[in-house]
Amino acid sequence: MLVHKVHTALERKIKKSISYLEYQQLIKKLLEENKSTSAKQSHELVRYSEQNLKNMYKLDKHLELLPELKAVLSSLTKPYTFIILTEGWCNDSAFVLPVLNKFQEINPDIYIRILLRDENNDLMDQYLTDGGRAIPKVIVYESFKLKELGNWGPRPAECQKLVNQLKYQEELSYDAIMNKINDWYIQDNSRSIQKEFIDLFHQWEKM
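Structure report, in brief.

Here is what the cut-offs are and how they apply
- Residues numbered from 1 in each chain as written.
- Predicted model: local features only at pLDDT ≥ 70, side-chain atom pairs only at ≥ 80, totals over all residues.
- Heavy atoms only, no water.
- Axes fitted to C-alpha atoms, helices over the stretch in contact; angles between N-to-C directions.
- Helix = DSSP H or I, 4+ residues; strand = E, 2+ residues; numbered from the N terminus.
- Left-handed = near helix turned anticlockwise from the far one by under 90°.
- Contact = heavy atoms within 4.5 Å.
- Nonpolar A, V, L, I, M, F, W, Y, C, P; charged D, E, K, R; others polar.
- Core = buried A, V, L, I, M, F, W, Y, C linked by side-chain atoms within 4.5 Å.
- Buried < 20%, exposed > 50% of the residue type's maximum accessible area, 1.4 Å probe, protein only.
- Phe/Tyr/Trp six-rings, centres within 6.5 Å; stacked < 30°, edge-to-face > 60°.
- Polar contact = N/O pair within 3.5 Å; in protein donor to acceptor, adjacent residues only side chain to side chain.
- Pairing = 2+ DSSP bridges.
- Expected span 1.5 Å × (residues − 1).
- Arc of directions from axis to C-beta.

A few points about the packing of helix α2 (residues 20–32) against helix α3 (residues 43–62)
Two elements in contact, α2 and α3, have axes separated by 10 Å at closest approach and are oriented at 140°. For the pair α2 and α3, the sense of crossing is left-handed. Here α2 contributes Tyr20, Tyr23, Gln24, Ile27, Lys28 and Leu31 to the contact with α3, which in turn contributes Val46, Ser49, Glu50, Leu53, Met56, Tyr57 and Asp60. Of the residues assigned to the contact of α2 with α3, the class counts are eight nonpolar, two polar and three charged.

Re the nonpolar core
One finds Phe82, Phe103, Phe197 and Phe201 to be the most contacted residues of the largest nonpolar core, which totals 46 residues. Sequence-distant contacts of Phe201, defined by excluding residues within four places in its chain, comprise Val72, Leu73, Leu76, Tyr80, Phe82, Phe103 and Ile110. Ranked by size, the runner-up nonpolar core spans 16 residues in total, among them Cys90, Leu115, Tyr127 and Ile139.

Concerning the packing of aromatic side chains
For the structure shown, the criterion picks out 15 aromatic pairs. Ring centres 5.5 Å apart and planes at 85° place the aromatic pair Phe201 and Trp204 in the edge-to-face group. Linking Phe201 with Trp204, this pair stays in helix α9 (residues 191–205), spanning three residues, or about one helical turn. The pair formed by Phe201 and Trp204 is uniform in burial state, with each residue classed as buried. Ring pairs connect the aromatic residues Tyr80, Phe82, Phe103, Trp152, Phe197, Phe201 and Trp204, which therefore count as one cluster.

Some remarks on the side chain of Ser17
Position of Ser17 among the secondary structure elements: in the loop between α1 (2–16) and α2. Accessibility expressed as a relative area gives 5% for Ser17, which makes it buried. Here the side chain of Ser17 touches Ile14 through a polar contact of 2.5 Å, landing on its backbone oxygen. Each residue touching Ser17, except ones within four places of it in the same chain, is listed here: Arg113, Ile114 and Leu115.

Points about the sheet that holds strand β4 (residues 147–152)
The strands making up a sheet are joined through hydrogen bonds of the backbone, oriented either antiparallel or parallel. Taken together, four strands build an open sheet; the order of strands is β2-β1-β3-β4 and the sheet is mixed. With one partner strand each, in any of the chains shown, β2 (110–116) and β4 form the two edges of the open sheet. Averaged over neighbouring strand pairs, the angle between their axes works out to 20° when direction is ignored. Relative to β2, strand β1 (residues 80–86) runs parallel, the two sharing seven bridges.

Digging into unusual backbone geometry
Between Ile135 and the following residue, Pro136, the backbone shows a cis peptide bond with an omega angle of 5°. The residue after Gly153, namely Pro154, is reached through a cis peptide bond having omega 10°. In this structure, Asn34 takes a positive phi of about 60° despite not being glycine. The residue Asn34 is located in the loop between α2 and α3 in this model. Although it is not a glycine, Ser190 sits at a positive phi angle of roughly 70°. Considering the arrangement of structural elements, one finds Ser190 in the loop between α8 (174–188) and α9. For Ser190, a relative accessible area of 7% puts it in the buried group.

Quick look at α3
The first and last C-alpha atoms of α3 sit 29 Å apart over 20 residues, in line with the 28 Å expected at 1.5 Å per residue. Restricting attention to buried positions, one finds in α3 the residues Leu45, Val46, Tyr48, Ser49, Asn52, Leu53, Asn55, Met56 and Leu59. Packed against the buried residues of α3 are α2, α5 (91–106) and α8.

Remarks on helix α7 (residues 157–166)
By the burial criterion, the buried members of α7 are Cys159, Gln160, Leu162, Val163 and Leu166. Angular distribution of buried residues about the axis of α7 spans 155°; they occupy a single face of the element. Close packing links the buried residues of α7 with α5 and α8.

Laid out in structure tokens, this is it:
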């Protein structure tokens with residue numbers, strides 16, 4: 001009975017989730033109203049959302065998956081559902097989501113769905129990072145069975161090390177920290193994310 005209730009709740013979440021394209025369209029629509037996806041509106045969040053949309057569009061156009069990841073994606077033996085908790089103003093998400101969206105372009109049995117964090121704190125609170133609601137958080141299930149295989153996020157391990165270092169540098173402003181993180185993502189060119197998911201897919205295929 002408990003498993004059935006969990007599946008029913010998850011099915012409701014999936015039903016109300018949106019696609020990557022719908023997520024971009026939502027951010028664009030809100031920006032036209034000078035808003036972000038957050039319940040608490042601010043000029044800064046709008047500015048971050050605007051830059052994030054530009055970053056996503058750029059990656060959508062130019063991002064190439066590694067050959068070894070393409071090979072893994074093409075050889076998967078089970079269907080996957082990715083539930084991604086995020087918000088339009090989230091800097092990391094703008095670099096992560098375009099990569100994950102490419103997965104389903106290679107393998108249509110990968111189902112990418114997005115939920116806004118602040119509307120789904122009941123789910124978010126099951127996947128805290130150091131006690132905080134850090135995003136993006138990616139929860140991966142085997143489709144149909146809705147068997148949870150694992151989760152990832154909010155950022156690649158090497159980037160997380162950088163964040164941990166920067167947050168103790170009190171002389172840096174929030175924007176300065178974001179610029180350094182952005183520089184890391186640009187220089188890394190999504191390689192770290194892709195390599196981490198190669199390892200994860202190998203693990204999940206054995207489960």
